[in-house]
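The residues making up each chain are set out below.
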Amino acid sequence: MLYWIAEQLGFPGGLNLIRYLSFRAGAAVATALLIGLIIGPKFIGWLRVRQGKGQPIRADGPQTHLAKRGTPTMGGLMILTSLALSILLWMDLRNPFVWACLFVTLGFGAIGFLDDYDKVRKASTAGVSGRTRLLLEFAIAGIAAWIISYENGTGLFLPFTNRTYIELGLFYPIFAAFTIVAFGNAVNLTDGLDGLATMPVIIASVAFMLIVYLAGNVKFADYLGIPHVARAGDLAIFCGAMIGAGLAFLWYNAPPAAVFMGDTGSLALGGALGTIAVVAHHEIVLGIIGGLFVVEAMSVIIQVFWYKRTGKRVFRMAPIHHHFEQLGWSEPTVVIRFWIISLVLALAGLSTLKLR
């Protein structure tokens with residue numbers, strides 16, 4: 001919005017700074033962070049009054065989690081509010097990629113909200129059925145994937161190569177939609193401990209802020225041998241807003257959490273990262289940078305698959321962060337060590353920009 005206003009005025013005086021992508025990305029971080037910190041206390045208080053008993057806690061989960069009863073959920077609404085306001089303020093809203101990412105973020109957030117609301121209303125950990133959730137998620141992701149592929153082509157970029165693509169044609173929107181849905185649910189599964197999902201999302205957002213900035217600049221993209229995606233650089237502002245909103249939420253979500261993100265936030269943020277990776281043609285790199293989320297999701301898949309066939313468990317409890325809790329690790333230990341792993345994986349993913 002501010003970019004359009006400044007452009008109409010010819011970027012006079014101090015407004016000239018708004019023409020620079022780096023300035024708007026930094027401003028988006030600061031704006032989302034400030035909004036989140038301001039609205040946080042009242043927002044959490046409102047959630048606590050409305051929800052009463054807060055998020056239901058799994059009876060079969062670690063016994064230490066029973067102390068968290070009464071903590072309100074749906075804190076993702078706070079994230080989405082600060083994120084959306086920052087985006088609308090600083091981004092060029094004529095960019096179709098902006099709307100594709102925002103559509104997935106808010107759409108997945110709405111699905112997560114329905115799930116959280118159902119859990120709170122029923123006082124049960126069982127919310128909206130998995131089949132219904134997936135159908136809604138694929139519908140939203142499919143629309144976004146079609147918009148992106150229409151603007152951006154249908155080639156799958158292979159990292160560690162110099163602009164080598166696999167042309168997927170009509171299958172690309174399906175692959176892109178699967179990437180978005182899979183990553184949304186992977187982040188959702190990771191959100192089980194205080195701060196566990198929030199910081200890795202912030203780390204991944206920092207990594208993709210750099211990737212989309214480089215992919216959107218023809219000179220940098222040509223030098224690095226990565227796909228050049230015209231106007232993808234604007235999504236660095238989107239990533240900046242995610243970073244700011246995530247930091248503000250982490251202020252209140254740090255152990256012991258005053259509020260839980262809930263499916264409202266985790267599903268939305270995971271879907272946003274998946275969509276940004278699709279725009280940048282870095283879907284495979286997303287699996288490296290977000291490797292922690294991939295491992296969390298795979299631990300659940302492996303556990304369910306093996307238990308149904310043998311009646312035995314591979315892990316003491318899934319997702320895998322609960323396995324380490326059952327081994328005797330304290331919650332802060334699990335969280336901080338997983339943060340470190342997330343940072344290492346993000347650096348490994350960024351290394352693909354030059355290793356070719």
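## Concerning the packing of helix H4 (residues 96-122) against helix H10 (residues 262-279)
A packed helix pair is summarised by two numbers, namely the angle formed by the two axes and the spacing between the axes.
1) Next: Between H4 and H10, the least distance of the axes is 7 Å, while the angle of their chain directions is 155°. In terms of orientation, H4 lies roughly antiparallel with respect to H10. For the element pair H4 and H10, the recorded crossing hand is right-handed.

## A short note on the packing of helix H3 (residues 76-90) against helix H9 (residues 235-253)
1) Next: Across the interface, H3 lies against H9 with an axial gap of 9 Å and an inter-helix angle of 150°. With respect to H9, the element H3 is oriented roughly antiparallel. For the element pair H3 and H9, the recorded crossing hand is right-handed. The segment H3 lies against H9, with Met-78, Ile-79, Ser-82, Leu-83, Ser-86, Ile-87 and Trp-90 engaging Ile-237, Phe-238, Ala-241, Met-242, Ala-245, Ala-248, Phe-249 and Tyr-252.
2) Next: Partitioning the contact of H3 with H9 into residue classes produces 13 nonpolar, 2 polar and no charged.

## A closer look at the pattern of salt bridges
If charged atoms from side chains of opposite charge come close, those side chains can pair.
1) Next: All told, the structure shown has 7 salt bridges when counted by the stated rule.
2) Next: The salt bridge involving Asp-92 is made with Arg-94; its shortest N-O contact spans 3.0 Å.
3) Next: Judged by relative accessible area, which is 9%, Asp-92 ranks as buried.
4) Next: Taking the relative accessible area as the measure of exposure, Arg-94 reaches 43% and is therefore partly exposed.
5) Next: Linked by salt bridges that have partners in common, Asp-115, Lys-119, Arg-133, Glu-137 and Asp-263 make up one network.

## Details of the pairing of strand E2 (residues 164-167)
Regular strands place their side chains on alternate faces of the sheet.
1) Next: In the sheet, strand E1 (residues 155-158) pairs with E2 via 4 bridges, with the strands oriented antiparallel. Of the residues in E2, the one forming a bridge with Leu-156 is Ile-166.

## Observations regarding a nonpolar patch on the surface
1) Next: Where nonpolar side chains cluster on the molecular surface, the patch consists of Val-294, Met-298, Ile-301, Ile-302, Phe-305, Trp-306 and Val-314 and spans about 610 Å² of accessible area.
2) Next: Turning to its location among the elements, Met-298 is positioned in helix H12 (residues 291-310).

## Re the nonpolar core
It is characteristic of soluble globular proteins that their nonpolar side chains tend to be buried jointly.
1) Next: Counting 91 residues, the largest nonpolar core has Leu-235, Phe-238, Met-242 and Ile-276 as its most contacted members.
2) Next: Tallying contributions element by element places H9 first for this core, with 12 residues.
3) Next: Excluding residues within four positions of it along the chain, Leu-235 makes contact with Met-91, Phe-97, Val-98, Cys-101, Val-212, Ile-276 and Val-279.
4) Next: Grouped together as the second largest cluster of nonpolar side chains are 9 residues, Leu-193, Leu-292, Phe-315 and Val-334 included.

What counts as what
Residues numbered from 1 in each chain as written. Predicted model: local features only at pLDDT ≥ 70, side-chain atom pairs only at ≥ 80, totals over all residues. Heavy atoms only, no water. Axes fitted to C-alpha atoms, helices over the stretch in contact; angles between N-to-C directions. Helix = DSSP H or I, 4+ residues; strand = E, 2+ residues; numbered from the N terminus. Parallel < 35°, antiparallel > 145°, perpendicular 65-115°, else oblique. Left-handed = near helix turned anticlockwise from the far one by under 90°. Contact = heavy atoms within 4.5 Å. Nonpolar A, V, L, I, M, F, W, Y, C, P; charged D, E, K, R; others polar. Salt bridge = Lys/Arg side-chain N within 4 Å of Asp/Glu carboxyl O. Buried < 20%, exposed > 50% of the residue type's maximum accessible area, 1.4 Å probe, protein only. Pairing = 2+ DSSP bridges. Patch = residues over 30% accessible without salt bridge, like charges linked within 9 Å, V, L, I, M, F, W, Y side chains within 5 Å. Areas by Shrake-Rupley, 256 points an atom, 1.4 Å probe, with all protein chains shown as cover. Core = buried A, V, L, I, M, F, W, Y, C linked by side-chain atoms within 4.5 Å.

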